Structure formats: structure tokens, C-alpha cells
Amino acid sequence: MSKLYIRKVAVLGAGVMGAQIAAHLANADVPVLLFDLPAKEGDPNGIAKKALDGLKKLKPAPFGHPSRMALVEPANYDQHLAKLGECDFVIEAIAEKFEWKEDLYKKIAPHVKPGTIIASNTSGLSINKLAQAMPETHRPNFCGIHFFNPPRYMALVEIIPCVTSDAAMLDNLETWLTSRVGKGIVRALDTPNFIANRVGVAYLLMVAHHTQRLGLTFDEVDALTGTKIGIPKSATFRLLDVVGMDTMGHVINTMKNGLPNDPWHAHYAVPEWAQQLIAQGALGQKSGRGVYYREGKVTKVLDLNLADYRDSKGEIAPEVDEILKIKDAGEKLKKLRASAHPQAQLLWSIQRDIFHYCAVHLGEIANSARDVDFAMRWGYGWSRGPFENWQAAGWKDVAAMVAEDIAAGKAMANVPLPDWVGKLDGVHGADGSWSVQQGKRLGRSTLPVYQRQLVPELLVGEKSAVAARQVWDNGSVKLWVRDDVDPDIAILSITTKMHAIGRDVLTGVLEAVAIAERDFKGLVLWQEAPFAVGANLKEVVEGIKGGDFEELEHFVAEFQRASLSLRYSQVATVAAVQGMALGGGCEFTMYAGARVVAFESYIGLVESGVGLIPAGGGCAHFAQRASELSKQVAFGEPFPFLQNVFMNIAQGKVSGSALDAKAMGFLEPADTIVFNPQELLYVAIRKAREMHEAGYAPPSHPKAIVAAGRTGIANCEMALVNMHVGNFISDHDYRVAKAAALALCGGDVETGTLVTEDWILAIERREFVALLKTPETQARIAHMMDTGKPLRN
């Protein structure tokens with residue numbers, strides 16, 4: 001398979017999706033032309049420019065760092081169509097009107113160079129029909145490509161081939177989207193709304209149907225259908241507000257018009273209450289009101305019984321909540337079915353009906369059950385897809401219950417389960433996932449790009465084929481090797497909850513480094529997200545309660561030793577980071593010999609939130625770096641290189657991405673950013689090998705660090721005084737921040753004094769333990785332990 005080079009992309013349509021797709025391509029360092037109609041007045045590129053300006057206000061942020069906006073060039077169809085010749089990939093993302101798309105294709109076709117991939121980001125129009133609007137010469141390079149909103153954060157991209165799509169082009173595109181843009185790819189069939197929206201919208205309609213049938217309220221149902229059942233907290237009706245009532249209405253109508261013979265066709269209709277909201281302009285979040293709206297700090301919810309809004313409560317009945325706590329998925333489902341409570345009946349009914357729907361439509365919408373389950377995981381944020389939920393609860397038992405309800409007329413469609421359901425014990429197994437079209441289980445894609453995913457995401461019923469050889473384990477840390485990848489590179493993984501760092505982790509890190517120095521050529525620190533959320537606060541609280549502050553200081557000293565062992569190891573150490581790397585996790589990251597970081601990594605020294613300062617070497621790291629940078633500047637002083645660092649630590653700021661972490665100084669400019677977190681371990685192992693082959697030697701201990709000293713501390717305090725006067729920080733915030741300033745600036749010494757690394761580490765320990773003794777810090781730690789949220793006191 002020849003490699004696909006995409007040097008520049010054109011996105012046609014600067015609407016909500018088009019502009020955000022352009023932003024995420026820019027995140028991946030891909031130059032983008034963002035096209036729209038010429039403005040009627042002023043700058044002809046005004047529409048595209050306004051869309052880019054709008055991205056600055058969006059939350060969550062489409063750009064990983066504001067600097068990436070420079071890679072997106074506004075353009076318009078009147079003046080800049082010739083620039084399409086510079087592009088290797090054109091993504092059409094205009095409104096869902098076939099006639100408009102057809103007209104646009106005619107305009108762009110003469111300007112697109114041969115071999116350029118052209119794809120429509122339609123959410124449900126027929127790809128084969130759209131292909132017919134393309135000149136015949138472009139059809140082999142045409143397909144559907146459906147991003148999910150918001151494109152930066154939702155993993156799913158559906159690729160929808162048309163009958164003329166070139167197979168090699170599709171493979172190349174899937175490879176590029178997977179590795180370069182970091183997406184999870186599902187190849188969908190050309191049916192209305194494809195896979196994720198077909199199943200997702202059907203599910204939402206099922207929930208809406210049973211909500212009204214059972215007389216339940218919207219907030220009640222959202223409490224039931226969110227995180228309690230493995231679905232994001234937006235649940236059902238909050239999700240409708242996020243998506244937009246009008247947008248959802250359009251998607252429902254696509255199904256209604258395109259699926260006249262579907263057994264569920266009678267239910268493909270916008271509910272009457274939703275039609276009324278649309279008529280009132282109450283479209284959800286974008287209009288300020290939908291099913292919900294905010295009145296000051298109070299959330300109001302539409303109550304159909306009152307025909308008005310009221311305060312949102314969303315309470316789950318105790319008896320239903322007890323059922324939801326049952327671990328065994330099969331037992332839980334049976335008890336929900338047996339319960340007479342309307343809440344339990346809703347939960348059973350929506351699961352029964354989505355199982356039924358997916359079984360009947362599998363052969364029509366997807367190549368295998370795997371594609372359905374990954375589509376719902378990646379596109380809708382479900383922890384498990386519908387077939388996974390079915391299989392986890394016992395395939396045959398659930399099939400029997402569903403069949404009984406269909407026969408009794410309780411299901412939403414009067415159509416039997418397909419024959420294949422009764423012949424299987426589950427759709428997923430070691431040999432693949434069930435395909436109705438082929439009448440057998442299909443294995444995963446054999447594209448070479450997936451060989452880079454060393455620990456692939458597994459579905460219920462699949463078994464890991466990872467060839468891991470364990471070297472050492474202490475219950476909190478394990479050391480292991482992938483002999484099939486590189487037997488000379490050891491992998492250190494923290495195995496505690498949320499990868500919190502306690503005494504056993506510190507002991508484990510020190511032991512793992514010693515083993516790697518003795519028996520291996522490199523060491524990778526890797527675990528699935530989160531990378532590490534910092535120190536184990538439970539152990540800290542136990543020390544405080546026992547009044548054993550000397551032991552707590554020993555704990556901090558051990559933390560520093562573990563960090564230093566990563567930096568001064570005789571073999572290359574690589575931190576492979578994804579998700580949150582907070583507090584001690586950030587310090588481990590900074591002290592590694594190199595870093596390979598997933599784009600969606602959120603890194604920061606957040607100790608101030610619990611009334612502490614970084615003491616695992618974080619302050620010493622930045623003091624040393626500032627000293628080195630100051631020596632590169634004539635008459636340089638270290639404080640200018642500490643100023644932003646100090647504010648980040650004082651305010652507990654966390655990066656919004658790996659790009660942002662570089663800008664904040666938590667990563668080095670040369671560190672590698674990986675867009676697909678599934679490739680992180682592969683790239684990190686390769687990095688460790690590369691470092692070894694290049695003759696890796698650890699840095700020497702700094703002989704002298706130029707301290708910012710008293711002048712630096714005074715400068716820090718000036719900023720604190722202003723914040724304190726403005727009531728932005730409390731008295732204790734001030735004390736904590738000043739302790740951080742003392743450590744960063746090398747203590748109460750003359751500016752320019754030469755100090756050692758050990759000197760600053762000792763200040764870290766002293767200030768950390770002094771803060772631990774204060775009632776305010778102890779209250780902050782207790783509050784964090786109880787609520788998971790910081791306390792300002």
C-alpha cells in the first residue's frame with residue numbers, strides 16, 4: 001500500500017462542524033483552507049473569519065493552543081477556488097441539502113487536482129447519490145467521512161464508501177485519520193444516518209417514547225440514563241439540548257423519509273413537545289432554553305404535567321438505585337424487568353428495544369457487530385455498545401426475555417429477532433465479531449497502522465492477545481516487556497486506582513529503574529489514562545492523623561528520589577503520557593529522560609488546590625531550568641523564566657492539551673506528541689530504543705543553580721499582594737503561593753547565589769511539611785478526599 005501524503009486540506013463550509021474540523025486538522029499540524037461564501041459586505045473572507053473568531057469562544061476549546069489558528073487560512077468560493085489545486089484532501093461540510101452539495105461539486109471539480117481525495121461530511125445523505133454529482137474522474141477518490149461533534153474530542157469518524165470508491169484510497173485515508181488525526185475509524189454502509197446516528201437517534205426516540213408512556217419526568221429520566229448505565233452525564237434530554245432540537249429534528253426526518261419500510265418507522269417522528277419547543281425557538285443550549293435552562297444558579301426543567309418549567313431535581317427511587325448497584329449485568333437486567341416501578345420499567349424497556357433494533361438492523365447498517373459497538377463508544381461516549389451490554393448480561397437469557405416481550409406485544413416493533421440470534425452465544429469472541437452479511441465472525445482490520453496499537457481497546461467477549469512477559473510486581477507497580485516489539489525495553493506501569501502515587505509506587509519506581517539499569521537498555525513509564533493523579537492523599541491523611549510528620553517528610557524525600565531516579569538513570573527513560581498527569585504525575589513526566597505525550601493530555605502541578613506545593617522535585621526542576629536559560633542571556637537573571645511557572649503553580653493551572661503543556665513549560669519543545677493514544681506505547685518503546693542506539697547517557701547533576709533569591713521572591717509577592725487585595729486569593733492561598741516562591745527561587749538568599757539541587761529539594765520538603773501542619777491545608781485535603789473538589793479557605 002502506497003503511503004498517503006496530505007500536505008494541505010480544504011474544508012468547504014465554515015459552519016459549526018466545518019470550522020471545528022479545520023481546527024482539529026490544524027492541531028495535527030496540517031495547513032487548512034477554510035472556505036465559505038463571499039461576504040456580501042466588507043472583507044470577502046468575512047464569513048470564514050467570523051467562524052474562526054467564534055472558535056475562540058467555544059468550550060471545550062477546538063484548538064489545542066491558540067497558535068494553531070494560524071494554520072487555518074480563510075477563503076471564499078469566488079476568489080480562491082484555484083487554491084484547491086494545492087490540496088490533497090477536500091472535505092465538504094456544507095448544509096444537508098443535496099442540491100447545494102451538487103452545485104458545489106460542479107464548482108470545485110475543475111480546480112481539484114487528479115488523485116485528491118474528496119469526502120462529504122454529511123451526517124446521513126446517500127454517499128452513492130452524492131458521488132453521482134461528481135465528475136466520473138473524481139468518483140474513485142470520493143467517499144463519506146462523518147466526524148462527530150465536537151470533532152477534537154469525539155474519537156469516531158465514520159468512513160462511508162460509495163460503489164466507485166477506490167479500495168486503496170479508503171485504506172490510505174483510514175490510516176491517515178487513525179494515526180495523524182488520532183481517530184477511531186468505523187466503515188459504515190451507505191444507509192440513512194449510517195451507524196452511530198442511526199442507533200443513537202433510535203435510542204433517544206425509545207427513551208422519549210417510554211418516558212411519556214410511563215409518566216416519568218425529563219430530569220428523572222436523565223438521572224436514570226446517564227452515568228448510572230454507562231452513558232455520559234448528558235444522558236438523554238440534556239443531550240438533546242446540547243445537539244439542538246432543530247438538528248435532532250433534521251436527523252429524525254432523514255430516517256423517516258429514507259426508511260419507509262423500517263419496522264420502527266412509526267416512531268421516527270419528532271415528539272409533539274419537541275415540535276412545540278422548536279416552534280418557540282427553544283432549541284437547547286444554543287438558544288439559551290430547551291428541555292432545560294438556567295435561571296441564575298438554578299437549573300429549570302420542562303415538566304409536561306405542569307406545561308411549564310420547574311426546578312430540576314432528577315431523583316432516582318431508592319429501590320431502583322439498589323438494583324443499579326448490582327454488579328452482575330444479567331442479574332441487574334432481570335431485576336429491572338421484574339420490578340413494577342416505572343423507573344425500572346423504563347430502564348428495561350429501552351435496553352430491550354435497542355437490543356431488538358440492533359439485532360434486526362445489523363446486516364443492513366454495519367459490516368459487523370464490532371462496528372456498531374465501537375461507533376456507540378466513540379461517537380456517543382457509551383462505556384459499552386449495545387451488543388456488548390447484551391452479551392455481558394448473558395446472550396441467550398437476554399434473547400429469551402426480549403423474544404417473550406416481542407411476543408407479548410410489549411416491544412416497540414412487532415418483528416421477531418433474526419434467526420442468527422438464537423444460534424450464537426454472543427456476537428464477540430476471540431475469533432472476531434458477528435457479520436450478518438458473511439454469516440460468520442470477522443476479525444479486526446489487518447491494516448499495518450493497527451500494528452502500532454500494542455494494547456488495543458477490547459470489546460466484551462474479546463480476549464487480549466498481548467504477549468506480555470512480567471518481570472517484577474509489587475502490587476502497585478509492575479515491570480513487564482513486550483518481547484514481540486522490543487525485548488530490551490522494559491515497561492513500568494502503575495496499577496493503583498487512578499494511578500495515585502503512594503509509598504509502594506515510589507518503592508516500585510526505584511526498584512524498576514534499578515532492574516532496568518541491570519537487565520535492559522531502556523525503560524518506558526506507561527499506563528492507560530489517567531497517567532497519574534498525584535500523591536495518594538489517603539496515605540497523607542493517615543500520617544497527619546498519626547501526627548507523624550517526620551515520616552511524612554521521609555515520604556516526600558522518597559518521592560524526590562523516585563523522580564531523580566528517572567532523570568539520572570543509566571538507561572534511557574521515557575514517560576508515555578495520556579490523560580491527566582497531575583502533581584506527582586507531572587513531576588514524573590518532567591523528570592523522565594524524554595516524553596511521548598498523547599495530544600489529549602492535561603498536565604499540571606495542582607498541589608495548591610490541597611494547600612501544598614510541588615515537592616516531588618517540581619520546584620527544583622523549574623529552578624534548574626530557569627538557571628540554565630538565564631546563562632544563555634547576557635546579564636540574565638533566572639526570575640523572568642520563573643514568572644509564568646510561579647503563577648501556574650500558585651493557581652494550580654492545568655494544560656488544555658499537550659501543545660498547551662509545551663507552552664506552559666511542563667514539556668520540552670522537542671517532546672513527541674502523538675494524536676492517537678493507542679499508539680503511545682509503540683512510539684515510546686521506539687523512542688527508548690532510539691535513545692539507546694544514539695548512545696544515551698544521563699545528564700550530570702547540576703553543580704550550581706543560579707537562585708532567583710530574595711528579589712525573585714519579592715517579585716512573586718508583588719503579584720500575590722495584588723491578587724489578595726482584589727480578593728482573588730485567600731490568606732492561605734497567599735501562604736501556599738509564597739512557599740512555592742521560596743522553593744522556586746532557591747530560598748531566602750541573595751539573588752544570584754549559587755545553590756545545589758539538594759538545597760532546593762530540602763526547601764521543597766520543609767515547606768511541604770510545614771503546610772501539612774496547618775489546619776487550612778488539612779481541611780483542603782479532607783474536602784478533596786470527600787468531594788473530589790478543591791476547597792478555598
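What you see is a predicted model, and the numbers here were worked out from it, not measured in a lab.

## Side note on the environment of His138
Inspection of the secondary structure puts His138 in the loop between helix 4 (127–132) and strand 6 (142–147). Note: C-alpha distance between His138 and Val112 (26 residues apart in sequence) is 8.8 Å.

## Regarding helix 25 (residues 680–693)
The first and last C-alpha atoms of helix 25 sit 20 Å apart over 14 residues, in line with the 20 Å expected at 1.5 Å per residue. Within helix 25, burial applies to Leu680, Leu681, Tyr682, Val683, Ala684, Ile685, Ala688, Arg689 and Met691.

## Details of unusual backbone geometry
Cis geometry marks the peptide bond from Asn149 to Pro150; its omega dihedral reads 0°. Inspection of the secondary structure puts Pro150 in the loop between strand 6 and strand 7 (156–161). Note that the residue after Ala529, namely Pro530, is joined by a cis bond; omega there is 0°. On the secondary structure map, Pro530 appears in the loop between strand 18 (522–526) and helix 19 (537–545).

## Some thoughts on the nonpolar core
If you look at the biggest cluster of nonpolar residues, it comprises 118 residues, and the most contacted ones within it are Phe237, Phe387, Trp390 and Trp420. When residues of this core are assigned to domains, at least three map to each of domain 1 (9–187) and domain 2 (196–442). Among all residues touching Phe387, those that are not within four sequence positions of it are Cys358, Ala359, Leu362, Ala369, Val372, Asp373, Trp395, Trp420, Val427 and His428.

## Let's talk about the side chain of Arg139
Residue placement: Arg139 occurs in the loop between helix 4 and strand 6. There is no salt bridge for the buried Arg139, and the closest opposite charge comes from Glu136, which lies 4.7 Å off by N-O distance. Sequence-distant contacts of Arg139, defined by excluding residues within four places in its chain, comprise Ala131, Gln132, Met134, Cys162, Thr164 and Ser165.

## Some points on helix 16 (residues 395–407)
With 13 residues, helix 16 ought to run about 18 Å at 1.5 Å a step, and its terminal C-alpha atoms sit 18 Å apart, in line with that. Inspection of helix 16 places Trp395, Val398, Ala399, Met401, Val402, Asp405 and Ile406 among the buried residues, and these make up the whole buried set. On an axial view of helix 16, the arc spanned by its buried residues comes to 165°, and they lie on one face. Those residues of helix 16 that are buried are in contact with helix 12 (329–338), helix 13 (342–365), helix 15 (386–392) and helix 17 (419–423). Phi turns positive, to about 75°, at Gly409, one or two residues after helix 16.

## With respect to the sheet that holds strand 5 (residues 117–120)
Taken together, the 8 strands give an open sheet; going across it, the order is 3-2-1-4-5-6-7-8, and neighbouring strands pair in mixed fashion. Only two strands of the sheet have a single partner each, and these edge strands are strand 3 (72–76) and strand 8 (184–187). Here the strands of the sheet are splayed against their neighbours by 25° on average, with no regard to which way each runs. By the bridge criterion, 5 bridges tie strand 6 to strand 7 in an arrangement that is antiparallel.

## Things to note about the domain arrangement of the protein
One frequently used descriptor of interface size is the decrease in accessible area upon assembly of the parts. Splitting the protein by domain gives domain 1 (9–187), domain 2 (196–442) and domain 3 (468–777). For domain 1 versus domain 2, the separation of C-alpha centres amounts to 31 Å. Domain 1 puts 13 residues into the contact, and the matching count from domain 2 is 12 residues. Buried area between domain 1 and domain 2, summed over both chains or domains, comes out near 930 Å², and the portion from carbon and sulfur atoms is 64%. On the domain 1 side of the contact with domain 2, Phe148, Leu156 and Val186 bury the most area, a combined 38% of that side's loss. Taken together, domain 1 and domain 2 are joined by 0 salt bridges. The interface formed by domain 1 and domain 2 holds 3 residue pairs in polar contact (both at pLDDT 80 or more) in total. Breaking the side of domain 1 that touches domain 2 down by element, the ones donating at least two residues are strand 7 and strand 8.

Thresholds, definitions, all that
- Residues numbered from 1 in each chain as written.
- Predicted model: local features only at pLDDT ≥ 70, side-chain atom pairs only at ≥ 80, totals over all residues.
- Heavy atoms only, no water.
- Helix = DSSP H or I, 4+ residues; strand = E, 2+ residues; numbered from the N terminus.
- Expected span 1.5 Å × (residues − 1).
- Buried < 20%, exposed > 50% of the residue type's maximum accessible area, 1.4 Å probe, protein only.
- Core = buried A, V, L, I, M, F, W, Y, C linked by side-chain atoms within 4.5 Å.
- Domains from an automatic or database assignment.
- Contact = heavy atoms within 4.5 Å.
- Lys, Arg positive; Asp, Glu negative; His and termini not counted.
- Salt bridge = Lys/Arg side-chain N within 4 Å of Asp/Glu carboxyl O.
- Arc of directions from axis to C-beta.
- Pairing = 2+ DSSP bridges.
- Axes fitted to C-alpha atoms, helices over the stretch in contact; angles between N-to-C directions.
- Buried area = accessible area lost by both parts, 1.4 Å probe.
- Polar contact = N/O pair within 3.5 Å; in protein donor to acceptor, adjacent residues only side chain to side chain.

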